[in-house]
Amino acid sequence: MREAGHDVRVVPTESALKFVGAPTWEALSGHPVQAEVWQDVDQVPHVALGRWADLVIVAPATANLLARAAAGLADDLLTNTLLTATCPVLLAPAMHTEMWLNAATQANVATLRSRGVQVIEPAVGRLTGADSGPGRLPEPEDLFALVAGTIGSGPLAGRRVVVSAGGTREPIDPVRFLGNRSSGLQGVAIAAEAVRQGAEVTLVAAHIGAPVPPGVAVVTVETAADLLEAMRDASQDADVVVMTAAVADFRPDVVREGKIKKVDGVDPAPITLVQNPDVLVDLVERRTPGQVIVGFAAETAADDEALVDLARTKLARKGCDLLVANDVGQGRVFGHEGTRALVLDGNGAVIADVAGSKADLAVRLLAAVADRLHAS
Ligand code: CTP
C-alpha cells in the first residue's frame, strides 16, 4: 500500500504482536504503532484513527476479532477504531476451516455484512497446519486489489470494465456439447488487473478453469447466445469491453431433446452446424461514445509476419480499438500460465509485443486501454 502512495497506519492486536513485532510495523509504515488505548492519550487515538482513515482493512481477521467486531466491543485500539470508522471497512478472515464454518463465526459474519462491513470470502488452500480448505488469507496482491477497488485509486479508478472469458458450449443433446480449449485464464488475469487498477469489473464467464478474483462481479453463461445477451447488458454503461472469450462460431441447428442413442453398426445422423452471431462485431456496432473495445485473435501462424497479417484482416472485420493476436498453434497459450502476444491498435500498428505471463499481458494491455480512455 505504501508503494502505491498510501499513508498507512498499522493497528495490531496484542495477539498480532506475538507474530510480528511493533518495530517491524513501525519501520514498514513509517509511523509509531500501538495496540491499546492507554498510550498517547492526549491525541485521543481511539477516535482519531477511525476518523483519519479512508479505509480500514483487518488482515488477517481472526474468529475472535470477528466476534468482537460483531458484538461491538471496544477493548483495544483496533476494535475502538472499527467503532469510530465511518469509511469502508474490509475484513479478511483467516482461520482453520472448522472455525470459519462454525455457526458462531458464520453468524458474526452475517451480522457484520448486514451492517455494511465487507467481509471477504477466505481463500481455499493450505492452512497453518497440514490441513487445507477454506480459511486461508487471500494473497496480498488480491487484498491490495480489493483496497484499490474500494477507495477508487489507480489508473482505471471510477471506470467500468467488462471482460468475457472462457469458452462457450453449444449443446448437441442433454449430454453432449461442442466446446473449445479456452481456459479463461487470460480473461481472469485481465479482470484481476483491472480491479487492481481501481476499476469496477464484471466478468462474463463461460466455463472458466480459474477462480474468480476477489472484487470481481461474475455473470456465468453457457452458450454464445447467452454470452451475447450478457455482454450486451453489461456493456451498456461500460467504459471498457474486453472480449477474451472463445465464442463458438457454430452451433448444431437443432438441440435434441433426448440423448442420441448408440445403435450398433449404425452411424449417427450427421449434425448440421449453423453460424452463431459475432458478439464482438455486435458490441462494436453498439459502442457508446468513448468506449474502448478490445478483441482477441486466436491464430495459428507460421511466423510473426503471418500473425500480423491475420490480425490485421481480423481487425478490419471486427472494427475494435485494440486487438491482441495470440499464436495458439502447437498447444501454446490455451491452459498455460505463459503467453506470447502482439497488441495492435485500431490502425493495425503493432504497439506491444509481450512474452511472459498472462498477468504481464494484462498489465500491458490495460496500459494501452488507459491511454485511449484518457485521449477520448
Ligand atoms: N468472437 C465473438 N463472437 C464470435 C466469435 C469470436 O465475439 N462468434 C470474438 C472473440 O471473443 C475474439 C474475436 O472475436 O475477441 C476473435 O475471435 P477468433 O476466434 O480469433 O476469430 P473468429 O471471428 O472466430 O474468426 P476465425 O475463427 O475465422 O479466426
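All figures in this text were calculated on a predicted structure; none of them were measured in a lab.

So, the overall build of the protein
Along the backbone of the protein there are 13 helices and 17 strands. Referenced to the eigenvectors of the C-alpha coordinate spread, the extents of the protein come out at roughly 80 × 55 × 35 Å. The buried share of the protein, reckoned over its 376 residues, is 44%. The long-range share in the protein, meaning contacts at least 24 apart out of those at least 6 apart in sequence, stands at 64%. Here the protein holds 32 positive side-chain charges and 46 negative ones, and the gap between their average locations is 4 Å.

Side note on the site of the ligand
The local shell around the ligand holds 15 residues, among which Ala-245, Leu-280, Phe-296, Lys-314 and Lys-318 are the closest. Within the contact set of the ligand, a nitrogen atom lies 3.0 Å away from a backbone nitrogen or oxygen of Val-279. Within the side chain of Lys-314, one N or O atom sits 2.6 Å away from an oxygen atom of the ligand. In the complex, the protein chains occlude 80% of the 560 Å² of accessible area that the ligand would expose alone.

Description of the domain arrangement of the protein
For the protein, the domain assignment lists domain 1 (16-150) and domain 2 (160-375). Between the C-alpha centres of domain 1 and domain 2 there is a distance of 37 Å. Taken together, the seven residues of domain 1 in the interface contact five residues of domain 2. Taken together, the two surfaces of domain 1 and domain 2 that pack against each other cover about 550 Å², and 69% of this comes from carbon and sulfur. Together, Asp-142, Ala-145 and Leu-146 form the three largest contributors to the area buried by domain 1 at its contact with domain 2, with a combined 54%. One can count zero salt bridges joining domain 1 with domain 2.

A short note on helix H4 (residues 63-71)
All of the buried residues in H4 are Ala-63, Leu-65, Leu-66, Arg-68, Ala-69 and Ala-70. Packed against the buried residues of H4 are strand S1 (56-61), helix H5 (77-84), strand S2 (89-93), helix H6 (97-101) and helix H7 (103-114). Backbone geometry just downstream of H4 places Gly-72 in the positive-phi region, at approximately 75°.

Some words on the pairing of strand S14 (residues 292-299)
Among the eight residues of S14, seven are classified as buried, and the element is accordingly described as predominantly covered. Where strand S11 (residues 240-243) and S14 come together, four bridges link them in parallel fashion. If you follow Val-240 over to S14, its bridge partner there is Val-292. For S14 and strand S15 (residues 322-327), the ladder comprises six bridges, and the chain directions are parallel. Residue pairing in the sheet places Glu-299 in a bridge with Asp-327 of S15. What joins S14 to S15 is helix H12 (residues 304-318), and the crossover it makes is right-handed.

Focus on the side chain of Lys-318
Along the chain, Lys-318 turns up in helix H12. Setting aside chain neighbours within four positions, we find Lys-318 in contact with Asp-278, Leu-280, Val-281 and Val-284.

A word on a negative patch on the surface
Negative charge collects at one region of the surface, where Glu-222, Asp-226, Glu-229 and Asp-233 lie side by side. Relative to the helices and strands, Asp-233 resides in helix H10 (residues 224-235). The exposed category is assigned to Asp-233, whose relative accessible area is 55%.

A short note on the pattern of salt bridges
Overall, the coordinates contain 16 salt bridges when judged by the stated rule. Across the pair Asp-282 and Arg-286 runs a salt bridge whose closest N-O atoms are separated by 3.0 Å. Residue Asp-282 is classed as buried on the basis of its relative accessible area of 11%. In this structure, Arg-340 and Asp-353 form a salt bridge, with 3.1 Å as the shortest nitrogen-oxygen distance. Of this pair, Arg-340 sits in strand S16 (residues 338-345) while Asp-353 sits in strand S17 (residues 350-357), and the two are 13 residues apart along the sequence. It is possible to trace a salt-bridge network through shared partners that takes in Arg-68, Asp-75 and Asp-76.

Considerations on the environment of Pro-171
Summarising the element assignment, Pro-171 is placed in strand S7 (residues 170-171). Residue class for Pro-171 comes out partly exposed when judged on its relative accessible area of 29%.

Remarks on unusual backbone geometry
With omega at 0°, the peptide bond leading from Ala-59 into Pro-60 counts as cis. Relative to the elements of secondary structure, Pro-60 occurs in strand S1. Although it is not a glycine, Val-44 adopts a positive phi angle of roughly 45°. Looking at the element boundaries, Val-44 is found in the loop between helix H2 (22-29) and helix H3 (45-52). Within the chain, His-207 stands out as a residue other than glycine whose phi angle is a positive 55°. Residue position: His-207 is located in the loop between strand S9 (200-206) and strand S10 (216-220). His-207 gets classed as partly exposed once you look at its relative accessible area, which sits at 27%.

The rules we used
Residues numbered from 1 in each chain as written. Predicted model: local features only at pLDDT ≥ 70, side-chain atom pairs only at ≥ 80, totals over all residues. Heavy atoms only, no water. Helix = DSSP H or I, 4+ residues; strand = E, 2+ residues; numbered from the N terminus. Buried < 20%, exposed > 50% of the residue type's maximum accessible area, 1.4 Å probe, protein only. Contact = heavy atoms within 4.5 Å. Lys, Arg positive; Asp, Glu negative; His and termini not counted. Charge placed at Lys NZ, Arg CZ, Asp CG, Glu CD. Near = heavy atom within 4 Å. Polar contact = N/O pair within 3.5 Å; in protein donor to acceptor, adjacent residues only side chain to side chain. Areas by Shrake-Rupley, 256 points an atom, 1.4 Å probe, with all protein chains shown as cover. Domains from an automatic or database assignment. Buried area = accessible area lost by both parts, 1.4 Å probe. Salt bridge = Lys/Arg side-chain N within 4 Å of Asp/Glu carboxyl O. Pairing = 2+ DSSP bridges. Right-handed = clockwise from strand over helix to strand, strands pointing away. Patch = residues over 30% accessible without salt bridge, like charges linked within 9 Å, V, L, I, M, F, W, Y side chains within 5 Å.

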